[in-house]
Amino acid sequence: MKIETISTNSYADQKPGTSGLRKKVSVFQKPHYLENFVQSIFNIATELNNGVLVLGGDGRYYNQTAIQVILKIAAANNVKHVMVGQDGILSTPAVSCLIRKYQTAGGIILSASHNPGGPTGDFGIKFNIANGGPAPTTFTDAVYEDSKTIKQYTIANAEDIDLSQQHTCHMGKMKISVIDPVADYADLMEELFDFKKIKSLFASGLLTMCFDAMHAVTGPYAKEIFENRLSANVNALINSIPKEDFGGGHPDPNLAHAKELVARLNAGLNAPMFGAASDGDGDRNMIIGQKFFVNPSDSLAIMTANAHLLPGYKQGICGVARSLPTSRAVDKVADALGIECYETPTGWKYFGNLLDDNRITLCGEESFGSGSNHIREKDGIWAVLFWLNLIAVKQHSVEEITRSHWKQYGRHYYTRHDYEAIDSNVADELIQNMRNKAESLAGTNYSDYEIVLCDDFSYTDPVDNSITSQQGIRILFKDESRIVFRLSGTGTEGATLRVYIERYVTNPEQHNLDTQAALAPLIQIADEVAEIKTRCQRETPDVIT
Ligand code: G16
């Protein structure tokens, strides 16, 4: 097999964001664009030299093309063995599971997560390190630096590999195993949850579910776990065949995009009792009951309060973590349990050290992500199984479980308002303006709300003492209400301003308000303080979750 060295020109825009490098497919199709970035990964991840690599993606357009290229670059860069998912499929949690189980040097995941796919959609690439988690910023910064000056890459002159069936072959000296993408992950889930109990509840007819795979990667996982291993009800799965363009949909599990699922759960007498959806690469989750939505921040709090009831967590949990903009519902549970609750910047990578150092068992984010120490990624199917197991133990509905949680701990009304594709300079100026006036806001009043603190969040990792600053402007009010402003790190067009708003209410008589109505005064304050409408020239947010 001949190894070729190809001269290339560097690109200036290969800076990974919150979760890897995400761009339009057409950008990845520019000459040498993908090859450059992959070579930069190999230049920095020297552990891949003579090491084992896991490789797969969410099945979106360009997945298979990119896998063939990466295999050839891996062979030229002296990788010993690549484990690649059949048909190029591997969910993000499955990659994390495989890296840990087979102690590989790392993994490459091809996904733009919940962003739309297809030839005019998005594509992405991220590297996970040997602990199974997303590479830390030190690594992604080094890859970016390398990508700015790269002059050549090496690639094997070899035939494409057949990805359509499980087999083992070689590309030069490099071994390639095309593996079952589902089995190892499904086995891990069976170790964590009481499959027998869930299965018998399905068999009794007392539990029915609907899972929306949104034509993304979780279809095959859901089929094996919910249909084959748990014998869930007929029609438990919808949109379960992965498609390159996600069936033209937006694989983002929220009330706006999982419309078919929501309609089924709202269908009155015929509605299934439990509903859930996952995103493009299978790491996000949405949990709903009949005509009832569980906010992801509440879901994390409920999981924390109840984990000890499930087999995988029966020893109790040692600590929890949430990202800055995630509501503080879980903080109340941590207080009651007497365990530490860490507040990190947005991005799953910040949980890695806390998990590795056994400081936390569970972690989660407002952006429909939750997970535990079983892997080092957030995990959509895991969250669904957690809820199914909890329902089987408590024999209560999703709504009953959530309402009784609010009764005990109080309710955090919570919303996120997104202003998408705004001019990047306008967005930067808005944040800079908030930064400039942050200090002077403390002690001031906006209608009935008194600001007690306003700052730009900075995080010191308690394990390695690394400091990550400028992670979002937070305003804390005297009554425990909170507003956070930050710019998204995952968009591919202009800037996305995210405004996160929460209000804490203990009185159960006030737990039935409409969320937007309950937060209306704070939404008004957010606009006033940050001058959103005038600066962004927008009357309303593009997306409200
Ligand atoms: C990624 C990250 C998450 C983050 C989310 C939103 O999720 O892994 O940690 O919360 O993006 O980030 P941002 O607010 O910067 O857009 P995913 O599911 O897209 O990989």
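Look above for the structure.
It should be emphasised that the depicted structure is a prediction, and the values quoted were computed from it without experimental measurement.

Each value, and the rule that gives it
Residues numbered from 1 in each chain as written. Predicted model: local features only at pLDDT ≥ 70, side-chain atom pairs only at ≥ 80, totals over all residues. Heavy atoms only, no water. Helix = DSSP H or I, 4+ residues; strand = E, 2+ residues; numbered from the N terminus. Rg over C-alpha atoms; globule rule 2.2 N^0.38 Å. Buried < 20%, exposed > 50% of the residue type's maximum accessible area, 1.4 Å probe, protein only. Contact = heavy atoms within 4.5 Å. Areas by Shrake-Rupley, 256 points an atom, 1.4 Å probe, with all protein chains shown as cover. Lys, Arg positive; Asp, Glu negative; His and termini not counted. Charge placed at Lys NZ, Arg CZ, Asp CG, Glu CD. Near = heavy atom within 4 Å. Polar contact = N/O pair within 3.5 Å; in protein donor to acceptor, adjacent residues only side chain to side chain. Salt bridge = Lys/Arg side-chain N within 4 Å of Asp/Glu carboxyl O.

**Student:** Please clarify how the overall build of the chain should be interpreted in this entry.
**Tutor:** Scanning the chain for helices and strands turns up 17 helices and 27 strands. In summary, the chain has a C-alpha radius of gyration of 23 Å against a globular reference of 24 Å for 545 residues, a match within 12%. For the chain, the C-alpha atoms occupy an extent of roughly 70 × 60 × 40 Å along the three principal directions. Looking at the chain as a whole, 59% of its 545 residues qualify as buried. Intrachain contacts of the chain at a sequence separation of at least 6 include 73% that bridge at least 24 residues. Carbon and sulfur atoms make up 46% of the accessible area of the chain, which totals about 20800 Å². The distance from the centre of the 50 positive side-chain charges to the centre of the 65 negative ones in the chain is 2 Å.

**Student:** For this particular structure, what's the right way to read the site of the ligand?
**Tutor:** Taken together, 19 residues sit near the ligand, with Glu 365, Arg 486, Ser 488, Thr 490 and Arg 498 positioned nearest. Between Trp 348 and the ligand, the recorded distance is 3.1 Å, taken from a backbone N or O atom to an oxygen atom. The side chain of Lys 378 places a nitrogen or oxygen atom 2.9 Å from an oxygen atom of the ligand. Look at the ligand: alone it shows 460 Å² of surface, and the protein chains cover 99% of it.

**Student:** Which parts of the structure should I look at to understand the pattern of salt bridges?
**Tutor:** Two side chains carrying opposite charge are able to pair once their charged atoms lie near each other. Taken as a whole and judged by the stated rule, the model has 37 salt bridges. With a closest N to O distance of 3.0 Å, Arg 60 and Asp 58 form a salt bridge. Residue classification places Arg 60 among the buried positions, given a relative accessible area of 0%. Residue Arg 535 pairs with Glu 531 through a salt bridge whose shortest N-O separation is 3.0 Å. The partly exposed category is assigned to Glu 531, whose relative accessible area is 29%.

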